[in-house]
Structure formats: C-alpha cells, structure tokens
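Residue-level structure breakdown
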Amino acid sequence: MGTGNEANGGGSSGLTRRRVCTFRKDDFLPEESFRSWGNYASALKQTPHRLVDRIFTRSSVEAELEVKARSGNEMKRTLSWWDLMWFGMGAVIGAGIFVLTGLEAREHAGPAVVLSYAVSGLSALLSVFCYTEFAVEIPVAGGSFAYLRVELGDFVAFIAAGNILLEYVIGGAAVARSWTSYFATLCNHDPDDFRILVHGLAPGYNLLDPIAVGIMIVICIIAVLSTKGSSRLNYIASVVHLVVILFIIIAGLIKADPKNYTPFAPFGPRGIFKASAVLFFAYVGFDAVSTMAEETKNPARDVPIGLVGSMVITTTIYCLLAITLCLMQPYTSIDVNAPFSRAFEMVGWSWAQYVVAAGALKGMTSVLLVSAVGQARYLTHIARTHMMPPWFAKVDHKTGTPINATIVMLAATAVIALFTDLGILSSLLSISTLFIFTLVALALLVRRYYVSGETSPEQRNKLIAFLTLIIGSSIVTSAYWGISKSASIAINIFLLGSIDKHSFERFAAWTALLLVYYLFFGLHASYDTAKAFDVKAGQEGMYRKVEEGQVSSATISGFDGVDTRNAPSTPAP
C-alpha cells in the first residue's frame, strides 16, 4: 500500500502516526468526488443513481473487518468478559434510576413504576440478545452501524448512525446535568443554585450548567488516555456504586410503609407504559459494550457473557430500587430532582442523603466514561466507511484510542449539556434508542432468513411480507394499546407510541438534517469508497486466480492497467 494511503488511514507506518491530528482537506474529503468543483458537480448529477446503489447494496462481514485498516493503527485487545460486564453496568446504572424514577413515579406511573422498569427491561434484554449475536459474528468497533450495513444496506445504516451519535450525545448531556443535581444535593444546595439563568433563551434551554461541561472535560481526558485504564476506573467506581445501591435497598426497606403502595397504579395502564417509554433511557448504554468487541480478547465468549450478564443484573437492581423508593414515601411527595436523597431526609435519616448522593455521582461518572468510550468507537467505524470524514477514524499509535472522535463527540455533548433541560433530553433520547434497537432486531431477522445469491425470490418475498406484517401490526398495536407477539420489534414500537409529540418533532428535524448531509456529502464519499474497495477486491481476486493457474498472466497484465492509487475513495497523499 502506498505512502499516501498510509497517511490517510490505509496503513500503520510512522507517517500515519505523525499525521493523526492534521487538518488538511484530504483528511476530511479525500474522495474523487471532492477533488474539484467539477467532480463535485458531476457527482451531484449522479445522486439518484448513487442513492439507489447505496440503498440496495449490502456490505459484508469481510468488508467490515477490512475497513479497520483505515484507522492507521490497531486498537489494543485488552478486555475480558469481566471488564465487559462491569462496563455494561457502568454504562447503564446512572441518571435513569437516580433521577427519572422519581419523575415518572410522581407524574405518570405511581408505585407501578416497577412495572414500567420491567417492561423497559424486557425490551432492552431482547435487544441485548440481538446485539450479542451480531457482536460475536462481526467483532468491530462499529456496533449496530456495522450490523445494519451488512444486513440492511448503507442508506439505512447511515440514518441509524446519525441517531446512534445523537443517542450518545444526548445521553451524555442528560447524565452530565444529573451529575450537577446530585452534586448540589451533596453540597446542601438546590441544583439551580449552580446553574446560570439566561432570560434571553427559551424555557428548557435557559439554565446554563457549567459544572456539566467541567465533568465532560475530565471524562474526555481519561477516555483518550487508555481503554484499559478507563476499564479499571470504571470497575472501581462501579463497585462503590453497587455498595451504595445495596445500602439504599436495605436501609430503605427498613423505613418502608406498605400503605404508600396504595393506590398502586393511580394513572392506569397508559401511565405505566408512558413511564416505560421514558424509563427506557435508564437502559441506554449497553450497546456501548458491543462497540468494544474489537478490543476484546475473545469476542465469541466474552461479549455474550458481558452483555447479557450486565443487563440481567441491572434490571433486577432497577426493580428493587423502584419498589424501595415508593415504599418509603407516597408517590405524590417524591422529589423529582433527587428522589432517593430526599426520601431518606423525609423519613428522618438526613445523613443518608449524602451517602446516596455520593453513590449517584460515582454511578453517573461511570456512565459518562463508558459512554465516551462507546460513542468514539461508533464514530470511528462510521468514518472508516467515509460516511463521515475519515479524520475521525484515526487511532493514536501510543494510546490505541480514537482521539479525534473522542474529543469531537464529547465537545458536542458538553455544548448540549450546557443548555438543555433533562426532560427534553430524556424523551428525545428514548426515540433515537428505540428506533435503533428496532432496526437491529429487523436486521437480525434478515440475517437469519436471507442470503444474497442463495435465497430464492419467492422466499425473499415471503420474508418481506413477514417483516411488513410484524411492523404494521406493531404500529397498530401501539395505536390501540393491544398485545403483540413480535418480541423486540413490537415492544420497541409500542414504547415509541407513548412518547410526546414535541420529541417526535425534534427527532424528525434531526433526521431531515441527516438526509441533507447524506445527499450532499456522505452518499458520494461512501459511494467512491465502496467502488474503490470493489476495484481492489477484484484485483486481488485476479492475482489469486493467476497463482492458482485459472487465468493467464496476460489477463492480469491488462488488469494491472487499473490505477487503484487514484480510485475514487483512495485518500490523497
């Protein structure tokens, strides 16, 4: 491979190492379509053809594994199933349980919030099974983006990719703002005492949170230094966190009053499911474990144990905490900002609120750290396909981490955390997450029942009809509050039907923005990259045939006339 390719993610030479943090045009738009304005105009004219090509073209497992070379350096394989399990719990147990439990119990579900957690947990567990199967077979940093590229094609994968990135940015911002709330409790202050009110901004965006930005900066520094170091820090923080959770459950049940569980479901079934849709946020983060398959010693064994084990433990903990909170006080008196801390204060154990606040801070710190690791790896693999600029795909040779992707994603998270209220963040996050999990479940069905070149048209049409039936019935079920048997897909769509209108409007606006970017940039960059890969694969296949005596040397000589160094997606030197 030539020096130019190495400089832009094609190899692992010293030249690559020196140029990880450069800011040249070819680090962002190296493809043939962007080499001149004429080329770009020509590419835009071909947009319909290229769009159809990308919609109906599926990647392959081999291609997803091959693109790892575009990061310039390998990520270090240092993680075991033990690391992944603690990463999973560290990623999930945080702001959702310590903040949203009180909010949803008081406003939507009452003591029946435990059922809301059970429904969300079931949906998350089914999604975990889907992720586990994919992560074992496609052990790359791209997670669900890579899985969708292989099974549903480039276009669907890109739309999902944009929402994956949105999910991580919003999730991190929500946890960072919750970190401020519990820090305020620890300091005997109201959370708004640490925020800056700006009257010129709209409600929901006018309380600036500088502490949230500060914690994101600290997390960024830790995440770029070492994945294994992040794992050790997460392990320590998670152990402390679990000790605090056990304290909350035991001490809280000592102060329990069964009368507080009456009425059990004051808002009825609709309230339970409405709360469940928002509380799905509490399970967000487990997919970050699947992005670490590339850094796992034995993905086939470690990923399933880490993912499933962490989700089962997390769901159990959530249900126990929800029961404890609602037994300690009437749901109408639950504090929505720091429910567990205030609950202990109300039952006369004021000192316990500081233990709870300290444990919550530990848990949220773990969530932020694991989220930072996961989101950077998503962006890294997306950039390897050139749907995002390849500059984000660079892996530092010293730390073995994607520094560029980590810094940019956490900077975006810090900006959102500075402005946006938790309620707005959590609802929008749930939409993105449920949308992605539904696509992954669909992709798994396609993987099991459709093989390009082998599945007959008749069987393919049956599969399409079956998938249409599942999705259609699930949407109808969501609308009429019925019962569906379509497992992960149906539950996810059902929960989507419980989210408010304004969140869907924000989701639609974000998706529209993604489409604009894709049609003007991402489509042409990924098309050029894919065609260059096809040329390279064809050339390598021809060489193998010559070695096996299947074609003559004259044929390969003619094929050598193709100059792959200037193929559409090959980065310039």
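Rules used throughout
- Residues numbered from 1 in each chain as written.
- Predicted model: local features only at pLDDT ≥ 70, side-chain atom pairs only at ≥ 80, totals over all residues.
- Heavy atoms only, no water.
- Core = buried A, V, L, I, M, F, W, Y, C linked by side-chain atoms within 4.5 Å.
- Buried < 20%, exposed > 50% of the residue type's maximum accessible area, 1.4 Å probe, protein only.
- Helix = DSSP H or I, 4+ residues; strand = E, 2+ residues; numbered from the N terminus.
- Contact = heavy atoms within 4.5 Å.
- Phe/Tyr/Trp six-rings, centres within 6.5 Å; stacked < 30°, edge-to-face > 60°.
- Salt bridge = Lys/Arg side-chain N within 4 Å of Asp/Glu carboxyl O.
- Expected span 1.5 Å × (residues − 1).
- Axes fitted to C-alpha atoms, helices over the stretch in contact; angles between N-to-C directions.
- Left-handed = near helix turned anticlockwise from the far one by under 90°.
- Nonpolar A, V, L, I, M, F, W, Y, C, P; charged D, E, K, R; others polar.
- pLDDT = per-residue confidence, 0-100.

On to the nonpolar core, then. Phe98, Tyr117, Tyr131, Tyr182 and Phe286 are the most contacted members of the largest nonpolar core, which has 135 residues in total. In terms of residue count, helix α18 (residues 352–384) provides more of this core than any other element does, 17 residues in total. Beyond its immediate stretch of four places on either side in the chain, phenylalanine 286 contacts Val92, Ala124, Ser127, Val128, Tyr131, Leu307, Met311 and Phe437.

Let us look at the packing of aromatic side chains. Taken as a whole, this structure holds 23 aromatic pairs when the rule is applied. Centre to centre, the rings of tryptophan 349 and tryptophan 351 are 5.7 Å apart; their planes meet at 25°, and the pair counts as stacked.

The next point concerns the pattern of salt bridges. The full count for this structure, using the stated rule, is 13 salt bridges. A salt bridge links arginine 50 to aspartate 528, with the shortest nitrogen-to-oxygen separation between them at 3.7 Å. Placement of arginine 50 in helix α5 (residues 47–56) and of aspartate 528 in helix α23 (residues 501–547) is noted, with a sequence separation of 478 residues between them. Here arginine 50 falls in the buried class, since its relative accessible area comes to 7%. Aspartate 528 gets classed as buried once you look at its relative accessible area, which sits at 3%. Ionic pairing is found between arginine 149 and aspartate 154, a salt bridge with its closest N-O pair at 3.0 Å. Of the residues examined, arginine 149 reaches a relative accessible area of 9% and is grouped as buried. The network of salt bridges with shared partners includes Asp53, Arg54, Arg149, Asp154 and Lys531.

Here we take up helix α7 (residues 81–92). Helix length check: α7 (twelve residues) gives 17 Å between terminal C-alpha atoms against 16 Å at 1.5 Å per residue, within 8%. Along α7, ten of the twelve residues are buried, which leaves the element largely enclosed by surrounding structure. Among all positions of α7, only Asp83, Leu84, Met85, Trp86, Phe87, Gly88, Met89, Gly90, Ala91 and Val92 are buried.

Moving on, we get to the packing of α18 against helix α19 (residues 403–419). Look at α18 against α19: their axes get within 8 Å of each other, and the N-to-C directions meet at 120°. Here the hand of the crossing between α18 and α19 comes out right-handed. Taken together, the residues of α19 that come into contact with α18 (itself represented by Ala372, Gln375, Ala376, Leu379 and Thr380) are Ala405, Thr406, Met409, Leu410 and Thr413. Class assignment of the residues belonging to the contact of α18 with α19 gives a composition of six nonpolar, four polar and no charged.

What follows covers the confidence of the model for the chain. As a note on interpretation, predicted positions should not be read in detail where pLDDT is low. On average, residues of the chain score 77 in pLDDT, and 80% of them are at 70 or above. In the model of the chain, helix α1 (residues 3–7) stands out as the element of lowest mean pLDDT, 38, in contrast to helix α4 (residues 37–45), which has the highest, 92. When the criterion is pLDDT under 50, residues 542–548 qualifies, and its contacts beyond four places in sequence or with other chains add up to eleven contacts. This stretch, residues 551–573, has a pLDDT under 50; its non-local contacts, to residues over four places away or in other chains, come to 50 contacts.

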